[in-house]
Amino acid sequence: MRASVGDRIVIRGHRVGEHDRDCKVVGVEHPDGEPPYLVRWEDSDHETLFFPGPDAIVEHFEKKTKKAKG
Amino acid sequence: MRVIEGIRRSGVGISSDRTVAQAATVMERSGVGALAVLDGERLVGIVTDRDLVRRALAQSLPPDSRVDLVMTSPVVTIDADADLHQAFALFRSNGVRRLAVVRAERFVGMITVDDLLVDVANDLADIARPVTAEVIFPQRDAPVPADE
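Procedures and definitions
- Residues numbered from 1 in each chain as written.
- Chains lettered and ligands numbered in written order.
- Predicted model: local features only at pLDDT ≥ 70, side-chain atom pairs only at ≥ 80, totals over all residues.
- Heavy atoms only, no water.
- Helix = DSSP H or I, 4+ residues; strand = E, 2+ residues; numbered from the N terminus.
- Contact = heavy atoms within 4.5 Å.
- Phe/Tyr/Trp six-rings, centres within 6.5 Å; stacked < 30°, edge-to-face > 60°.
- Buried < 20%, exposed > 50% of the residue type's maximum accessible area, 1.4 Å probe, protein only.
- Axes fitted to C-alpha atoms, helices over the stretch in contact; angles between N-to-C directions.
- Parallel < 35°, antiparallel > 145°, perpendicular 65-115°, else oblique.
- Left-handed = near helix turned anticlockwise from the far one by under 90°.
- Nonpolar A, V, L, I, M, F, W, Y, C, P; charged D, E, K, R; others polar.
- Buried area = accessible area lost by both parts, 1.4 Å probe.
- Polar contact = N/O pair within 3.5 Å; in protein donor to acceptor, adjacent residues only side chain to side chain.
- Pairing = 2+ DSSP bridges.
- Salt bridge = Lys/Arg side-chain N within 4 Å of Asp/Glu carboxyl O.

A closer look at the side chain of B:T112
- Among the structural elements, B:T112 can be located in strand 6 (residues 106–112).
- The residues contacting B:T112, other than those within four sequence positions of it, are B:F91, B:R97 and B:R98.

Put into structure tokens, the structure is as follows:
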């Protein structure tokens, strides 16, 4: 798994009725994008190190670059 | 099968200088019942929801107490590339429900008794299926041809 700063990680619920959780990647420890990731949990200011397992998927957000006018 | 392949859930680590209140919040947000307590990337302990109840709440510890006051340390660890049977042996000999999985002495995740139970139950179902089918729908052997 590889992630970049700004990506969203979704952790699927493990039991019937358990909702998904998500967190935002705010730091990547290793330059190659390998785990662990420093993440911030939804509705929280708390940052923790995250070690993704098979229940986690990364949603990448492509960086949009503005085209120069003219 | 290697231990790393038996992990079913993501691991979450918290810095040892965080508070018990922060640990509880992280558990609630992330949906895990145990956090790896880290000093940098070095594993120094494990704190569980049960630790927070027994060693913090029940002892009237202030919510801003450091999490390393209530963690379990040292931690029983297993190498990520070890055979899964070694995990069974460690669970049996240490009487724990979780093992910290490490690679090159760095924490990479947590494997639990529940993870292994799910695997064992699935394996049992796989090998029981043909036996069950044979009981419900018995296949009669073809008769041996008589000698002429």
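Points about the packing of aromatic side chains
- All chains considered together, the criterion is met by two aromatic pairs over all chains.
- Both rings, one in A:W41 and one in A:F50, keep their centres 5.9 Å apart while their planes meet at 75°; by these two values the pair is edge-to-face.
- Look at A:F51 and B:F107: their rings are 4.7 Å apart centre to centre, the planes differ by 90°, and that puts the pair in the edge-to-face class. Remark: B:F107 occurs in strand 6 and A:F51 occurs in strand 4 (residues 47–51); the pair is interchain, linking two chains. Comparing A:F51 with B:F107 shows no difference in burial state: the two are buried.

What to know about the packing of helix 4 (residues 84–94) of chain B against helix 5 (residues 113–136) of chain B
Residue and element names in this part refer to chain B.
- Two numbers describe how helix 4 lies on helix 5: the axes approach to 11 Å, and their chain directions differ by 125°. One element, helix 4, and the other, helix 5, form an angle in the oblique class. Our pair here, helix 4 against helix 5, has a crossing hand that is left-handed. For the pair helix 4 and helix 5, the contacting residues are L84, A87, F88 and F91 in the first and V113, L116 and V120 in the second.
- Grouping the constituent residues of the contact of helix 4 with helix 5 by class yields seven nonpolar, no polar and no charged.

A look at the interface of chain B and chain A
- Taken together, the contacts link 21 residues of chain B with 21 residues of chain A.
- Across the chain B/chain A interface, buried area totals approximately 1700 Å², and carbon plus sulfur atoms make up 53% of it.
- Interface area lost by chain B to chain A is led by B:R9, B:S10 and B:R29, which between them contribute 32%.
- Scanning the region where chain B abuts chain A turns up six residue pairs in polar contact (both at pLDDT 80 or more).
- Elements with a minimum of two residues in the side of chain B that touches chain A: strand 1 (11–15), helix 2 (20–30) and strand 6 of chain B.
- It is helix 2 of chain B that provides the largest number of residues to the side of chain B that touches chain A, a total of six residues.
- Bridging between strand 4 of chain A and strand 1 of chain B involves three bridges; their strand directions are antiparallel. Directly across from A:L49, in strand 1 of chain B, lies its bridge partner B:G13.

Side note on the pattern of salt bridges
- Applying the stated criterion across every chain, the model contains 14 salt bridges over all chains.
- A salt bridge links A:D20 to A:R12; its shortest N-O distance comes to 2.6 Å.
- A relative accessible area of 35% means that A:D20 is categorised as partly exposed.
- In this structure, B:E28 and B:R29 form a salt bridge, with 2.9 Å as the shortest nitrogen-oxygen distance.
- Here the salt bridges share partners, and the residues they tie into one network are B:R2, B:E5, B:D81 and B:R103.

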